[in-house]
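Understanding the architecture of this molecule
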Amino acid sequence: MDPAPIISLDRSRRAVTTAPRRNLSGLTRPELATALVEASAVAPDKAKMRAAQLWRWIHHHGVTDFAAMSNVSREMQATLAERFTLTRPQVVERQISRDGTRKWLIRFAPGIEAETVYIPDVGRSGALCVSSQVGCTLNCTFCHTGTQALVRNLTAAEIVAQVQVARDDLEEWPSPKEERRLSNIVFMGMGEPLYNLDGVAAAIDIVSDGEGVAISRRRITVSTSGVVPELGPLGDRTQAMLAISLHATNDALRDELVPLNRKYPLEQLMAGVRAYPGLSNARRVTFEYVMLKGVNDSPAEARALVKLMGGIPAKINLIPFNPWPGSPYQCSDGATIEAFAAILNRAGYASPIRTPRGRDILAACGQLKSESEKLRASARRTLEPAE
Ligand code: SAH
Ligand code: SF4
């Protein structure tokens with residue numbers, strides 16, 4: 001008997017038992033094909049076809065077990081299960097608000113936790129607010145997440161996993177074409193998405209794929225506090241809708257509320273927005289404006305806002321300030337918010353007032369925060385990926 005095959009068989013067995021099994025459920029299509037070949041599960045000439053088959057099971061049907069892949073042979077199922085996993089991250093806490101808003105605290109790895117929020121009756125039928133980072137490096141004074149130090153960027157797989165966890169809980173597999181509960185995605189959870197553009201762009205590629213979760217790029221909104229140099233790349237790479245956290249109409253106040261403004265002041269920010277790829281009347285930018293009592297809510301500021309936006313296809317989302325433990329602001333009165341909105345409306349801008357959702361479970365805008373900060377002193381040094 002020729003000993004060569006036996007030796008190579010032994011070697012591959014050893015490799016399989018010692019190497020950790022790779023999770024396939026958050027890989028992009030090309031990564032999936034490459035992973036199958038690298039693990040010698042599939043021959044290179046069959047990789048694309050096999051990846052397409054698995055893709056549909058993972059992203060259209062949402063399966064977490066290779067045994068559920070009914071058009072894959074038993075033998076191949078076993079090979080895949082030996083070399084890969086499809087497991088979800090752990091849901092540490094699940095809360096449901098009186099208004100139907102759901103919040104999940106997800107643990108991706110020890111000390112790496114972030115929150116995801118599902119808000120019914122937003123967008124076409126319901127929006128999922130996903131986190132792009134654990135914590136945030138920016139310190140907007142009105143934001144709870146800003147009080148938490150950055151632990152690290154979430155990977156594309158971890159961002160996609162938030163959508164998968166929500167879909168599991170909403171029992172929305174296989175991915176429906178019509179009448180979805182989860183119809184829109186907003187990057188308005190924890191973190192600054194434009195400091196993690198690689199992860200965000202790959203995640204958008206995965207969830208917008210028509211053979212999978214299939215949420216169109218026009219139903220995906222990325223919100224930024226104003227990382228101007230990344231606006232162009234965001235539009236080019238993702239074709240996502242843009243939201244800008246504006247909150248002030250002059251540099252002095254914005255410097256205070258959104259400290260990143262000191263780096264990219266209003267003039268640069270507005271020029272960056274005007275140049276956003278694909279901006280048109282059909283694809284407007286959203287300006288988010290948190291209503292802070294006595295700070296940024298005067299009629300004069302509403303008029304200044306109209307002037308600032310001059311000519312940009314835009315709508316304004318007025319967000320009543322959501323308090324959190326120890327927050328230094330109060331929310332503007334209802335009448336003040338109405339008067340502010342009326343000025344914007346008269347100038348021809350749609351300016352819906354965002355109804356606070358899930359406040360009772362601290363799931364509303366700017367209330368998210370995880371306990372991951374507890375680890376930051378020593379563990380951060382080892383956990384943060386080398387940049
Ligand atoms: N870092 C990004 C995305 C996450 S914040 C950004 O800043 O745009 C999502 C939205 O919630 C932003 O518009 C943010 O300004 C707003 N927000 C933060 N704290 C808030 C609070 N306490 N009440 C209401 N909105 C808040
Ligand atoms: Fe970070 Fe956005 Fe909060 Fe500012 S508002 S601290 S950028 S998450």
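Residues numbered from 1 in each chain as written. Chains lettered and ligands numbered in written order. Predicted model: local features only at pLDDT ≥ 70, side-chain atom pairs only at ≥ 80, totals over all residues. Heavy atoms only, no water.

On to the site of ligand 1. Ligand 1 sits among 22 residues. The nearest are Phe-142, Gly-191, Ser-223, Ser-245 and His-247. A distance of 2.6 Å is found between an oxygen atom of ligand 1 and a side-chain nitrogen or oxygen belonging to Ser-223. Within the side chain of Glu-288, a nitrogen or oxygen atom sits 3.0 Å from an oxygen atom of ligand 1. When the free accessible area of ligand 1 is taken as 530 Å², the share hidden by the protein chains comes to 96%. Breaking the shell around ligand 1 down by element, the ones donating at least two residues are β10 (220-224), β12 (285-291) and β13 (314-320). Partitioned by chemical class, the residues of the shell around ligand 1 number 11 nonpolar, nine polar and two charged. (Near = heavy atom within 4 Å. Polar contact = N/O pair within 3.5 Å; in protein donor to acceptor, adjacent residues only side chain to side chain. Areas by Shrake-Rupley, 256 points an atom, 1.4 Å probe, with all protein chains shown as cover. Helix = DSSP H or I, 4+ residues; strand = E, 2+ residues; numbered from the N terminus. Nonpolar A, V, L, I, M, F, W, Y, C, P; charged D, E, K, R; others polar.)

Okay, the site of ligand 2 next. Looking at ligand 2, the residues that line it are Cys-136, Leu-138, Cys-140, Cys-143, Gly-146, Gly-191 and Ser-225. Taken together, the residues of the shell around ligand 2 break down into four nonpolar, three polar and no charged.

Take the pattern of salt bridges next. Tallying each qualifying case throughout the model produces 17 salt bridges. Taking the shortest distance from any N to any O, the salt bridge between Asp-169 and Arg-102 comes out at 3.2 Å. Linking Asp-169 in helix α5 (residues 156-169) with Arg-102 in strand β4 (residues 102-109), this pair joins segments that are 67 residues apart in sequence. Between Glu-288 and Arg-354 there is a salt bridge, and its shortest N-O distance comes to 3.6 Å. With a gap of 66 residues between them, Glu-288 in strand β12 and Arg-354 in the loop between α11 (334-346) and α12 (376-383) connect regions that are remote in the sequence. Here Glu-288 and Arg-354 have matching classes, each one buried. (Salt bridge = Lys/Arg side-chain N within 4 Å of Asp/Glu carboxyl O. Buried < 20%, exposed > 50% of the residue type's maximum accessible area, 1.4 Å probe, protein only.)

Moving on, we get to the pairing of β13. Of all seven residues making up β13, six are buried, and the element is well covered by its neighbours. Note: β12 against β13, seven bridges, orientation parallel. From the neighbouring strand, Thr-286 faces β13, where its bridge partner is Lys-315. Viewed along the sheet, the connection from β12 through helix α10 (residues 299-309) into β13 turns out right-handed. (Pairing = 2+ DSSP bridges. Right-handed = clockwise from strand over helix to strand, strands pointing away.)

Another aspect to go through is the packing of helix α6 (residues 197-208) against helix α7 (residues 231-238). Direction vectors running N to C along α6 and α7 enclose 20°, while the axes themselves pass 10 Å from each other. When the axis of α6 is compared with that of α7, the two are roughly parallel. Relative to α7, the crossing made by α6 is right-handed. Here Leu-197, Asp-198, Ala-201, Ile-204 and Asp-205 of α6 come into contact with α7, specifically with Pro-233, Leu-234, Arg-237 and Thr-238. Considered class by class, the residues forming the contact of α6 with α7 number five nonpolar, one polar and three charged. (Axes fitted to C-alpha atoms, helices over the stretch in contact; angles between N-to-C directions. Parallel < 35°, antiparallel > 145°, perpendicular 65-115°, else oblique. Left-handed = near helix turned anticlockwise from the far one by under 90°. Contact = heavy atoms within 4.5 Å.)

In this model, the chain carries a mean pLDDT of 89, and residues with pLDDT of at least 70 account for 90%. With pLDDT under 50 throughout, residues 1-16 is counted as low confidence; its partners more than four residues away or in other chains account for three contacts. This model gives residues 374-387 a pLDDT under 50, and the stretch forms 15 contacts once residues within four places in sequence are excluded. (pLDDT = per-residue confidence, 0-100.)

Our next topic: the nonpolar core. For soluble globular proteins, nonpolar side chains are generally found buried alongside one another. Counting residues in each nonpolar core, the largest one holds 112 residues, and the members touching the most others are Leu-24, Phe-142 and Phe-287. Domain assignment of the residues forming this core places at least three in each of domain 1 (22-85) and domain 2 (90-381). Beyond its immediate sequence surroundings of up to four residues, Phe-287 is in contact with Ile-244, Leu-246, Met-270, Val-273, Met-309, Ile-312, Ala-314, Lys-315, Ile-316 and Asn-317. (Core = buried A, V, L, I, M, F, W, Y, C linked by side-chain atoms within 4.5 Å. Domains from an automatic or database assignment.)

Splitting the chain by domain gives domain 1 (22-85) and domain 2 (90-381). The straight-line distance from the C-alpha centre of domain 1 to that of domain 2 is 33 Å. Taken together, the contact pairs 12 residues of domain 1 with 12 residues of domain 2. A combined buried area of about 1,100 Å² lies between domain 1 and domain 2, and 53% of that area is made up of carbon and sulfur atoms. Among the residues domain 1 hides against domain 2, the three largest losses belong to Gly-26, His-59 and His-60. Together they make up 43% of the total. Inspection of the domain 1/domain 2 interface yields two salt bridges. Between Glu-211 and Arg-56 there is a salt bridge whose closest N-O contact spans 3.4 Å. In terms of residues, the side of domain 1 that touches domain 2 owes the most to one element, helix α3 (residues 47-60), which gives five residues. (Buried area = accessible area lost by both parts, 1.4 Å probe.)

The side-chain alternation of strand β6 (residues 126-129) yields two buried faces, one formed by Gly-126 and Leu-128 and the other by Ala-127 and Cys-129. Two strands pair when backbone bridges link them, and strand β5 (residues 112-120) and β6 are joined in this way by four bridges, in the antiparallel orientation. Following the sheet pairing, Tyr-118 is matched in β6 by Leu-128. In this structure, the hairpin formed by β5 and β6 is closed by a connection of five residues, where Asp-121 is found at a positive phi of approximately 60°. Direction of pairing for β6 relative to strand β9 (residues 184-187): parallel, over a ladder of three bridges. When the bridges of β9 are listed, Cys-129 appears paired with Val-186.

A word on the packing of aromatic side chains. Throughout the structure, instances matching the rule amount to two aromatic pairs. Where Phe-321 meets Tyr-329, the ring centres are 6.1 Å apart and the plane angle is 80°; that geometry is what we call edge-to-face. With relative accessibility at 2%, the residue Phe-321 sits in the buried group. The ring of Trp-173 has Arg-167 sitting right over it, with the charged end atom 5.1 Å from the ring centre. (Phe/Tyr/Trp six-rings, centres within 6.5 Å; stacked < 30°, edge-to-face > 60°. Lys NZ or Arg CZ within 6 Å of the ring centre and 35° of its normal.)

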